Amino acid sequence: MAMRLFTTTLHYMMAAASLGAALGALLMFWLGASNLFDAFWSGAVVDPLATRTITISVMDATDAILFGVVLTTFAYALMFGFVVNAPKVPVSRTDWIRSGRVTELKHTLIEVIIVYMVVDFATDLVELEPEPDWQILVMPLAIVLIAGALRLLGTVYPTDGARTPQHPDKTG
């Protein structure tokens, strides 16, 4: 009885985490849309020659929207990977977001975070004053190290599209 209560509690906690990630994604999409509107407003109405302001607003919007995509992917993977049995849908429509194992989910999440970090670095670079410090090199170094570690883990846990172990045909 105690084990069933424990697993049911974990089930609801995963559902709450998935819904929280989905809500966070909606907020990030709203923030991205707001930043795009600010870029449009400052470019079309206030000062059409304020390219730096427009660029910063667009990069901030890209940052927010990419993070919303990360949260959406995470929410979907949590909900349909651990909480609810996914409905049977034609593979062509949902195969891009399904993950067969937790290892695949982690691998995909790290890949998306690397892309997010690259865009965040580009945004930070645009927002900086003309003379950046040497400390700005910390983020690209971290990106390279994370990508290298992901590459090394990819050789240990290959993700070549095979979702199930392949067995040789026993026709013999």
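### Focus on the overall build of the chain
And then number 1: In terms of regular secondary structure, the chain is built from five helices and zero strands.
And then number 2: Across the chain, helices and strands are ordered from the amino to the carboxyl terminus as α-α-α-α-α.
And then number 3: Buried positions account for 22% of the 172 residues belonging to the chain.
And then number 4: The long-range fraction of contacts in the chain, counting pairs at least 24 apart against all pairs at least 6 apart in sequence, stands at 74%.
And then number 5: Entry remark: accessible area of the chain is about 12400 Å², with carbon and sulfur atoms responsible for 70%.

### A word on the packing of aromatic side chains
And then number 1: Enumeration over the complete set of coordinates arrives at two aromatic pairs.
And then number 2: Consider the rings of F37 and W41, whose centres lie 6.2 Å apart with planes at 25 degrees: the pair is stacked. Placement of the pair is F37 and W41 together in helix α1 (residues 2-46), with a separation of four residues, close to one helical turn.
And then number 3: By relative accessible area, F37 is classed as partly exposed at 49%.
And then number 4: Residues F67 and Y116 carry aromatic rings whose centres are separated by 5.4 Å and whose planes lie at 45 degrees to one another, so their mutual orientation is tilted.

### What about a nonpolar patch on the surface?
And then number 1: Taken together, the side chains of L23, L26, L27, F29, L36, V58, I65 and V69 define a hydrophobic patch exposed on the protein surface, amounting to about 670 Å² of accessible area.
And then number 2: Going through the elements one at a time, α1 and α2 (51-83) are the ones with two or more residues in the nonpolar patch.
And then number 3: With respect to the helices, strands and loops of the structure, L26 is situated in helix α1.

### Some details on the side chain of N35
And then number 1: For N35, the position within the fold is in helix α1.
And then number 2: A relative accessible area of 15% means that N35 is categorised as buried.
And then number 3: When neighbours within four sequence positions are excluded, N35 is seen to be in contact with S57, D60 and A61.

### What about α1?
And then number 1: Counted at 1.5 Å a residue, the expected span for α1 with its 45 residues is 66 Å, and the 63 Å between its end C-alpha atoms agrees.
And then number 2: Those residues of α1 lying buried are A15, S18, A21, G24, A25, G32, N35, A39, S42 and G43.
And then number 3: Each element contacted by the buried residues of α1 is listed here: α2.

### Concerning the side chain of D120
And then number 1: Residue position: D120 is located in helix α4 (residues 102-127).
And then number 2: When its relative accessible area of 17% is taken as the criterion, D120 is described as buried.
And then number 3: Not counting residues up to four positions away in its chain, the partners in contact with D120 are D63 and M139.

### Brief notes about the packing of α1 against α2
And then number 1: Interaxial distance between α1 and α2 falls to 7 Å at its minimum, and their mutual angle equals 160 degrees. The angle between α1 and α2 falls in the class roughly antiparallel. With respect to the hand of their crossing, α1 and α2 are arranged in left-handed fashion.
And then number 2: Of the residues contributing to the contact of α1 with α2, the split by class is 26 nonpolar, 11 polar and two charged.

### So, the confidence of the model for the chain
Atomic detail in the predicted coordinates should be set aside for any region of low pLDDT.
And then number 1: Per-residue pLDDT for the chain has a mean of 78; in total, 79% of the residues score no lower than 70.
And then number 2: Long-range and interchain partners of residues 162-172, a stretch whose pLDDT sits below 50, account for five contacts in this model, where long-range means more than four residues apart.

Scoring rules and cut-offs
Residues numbered from 1 in each chain as written. Predicted model: local features only at pLDDT ≥ 70, side-chain atom pairs only at ≥ 80, totals over all residues. Heavy atoms only, no water. Helix = DSSP H or I, 4+ residues; strand = E, 2+ residues; numbered from the N terminus. Buried < 20%, exposed > 50% of the residue type's maximum accessible area, 1.4 Å probe, protein only. Contact = heavy atoms within 4.5 Å. Areas by Shrake-Rupley, 256 points an atom, 1.4 Å probe, with all protein chains shown as cover. Phe/Tyr/Trp six-rings, centres within 6.5 Å; stacked < 30°, edge-to-face > 60°. Patch = residues over 30% accessible without salt bridge, like charges linked within 9 Å, V, L, I, M, F, W, Y side chains within 5 Å. Salt bridge = Lys/Arg side-chain N within 4 Å of Asp/Glu carboxyl O. Expected span 1.5 Å × (residues − 1). Axes fitted to C-alpha atoms, helices over the stretch in contact; angles between N-to-C directions. Parallel < 35°, antiparallel > 145°, perpendicular 65-115°, else oblique. Left-handed = near helix turned anticlockwise from the far one by under 90°. Nonpolar A, V, L, I, M, F, W, Y, C, P; charged D, E, K, R; others polar. pLDDT = per-residue confidence, 0-100.

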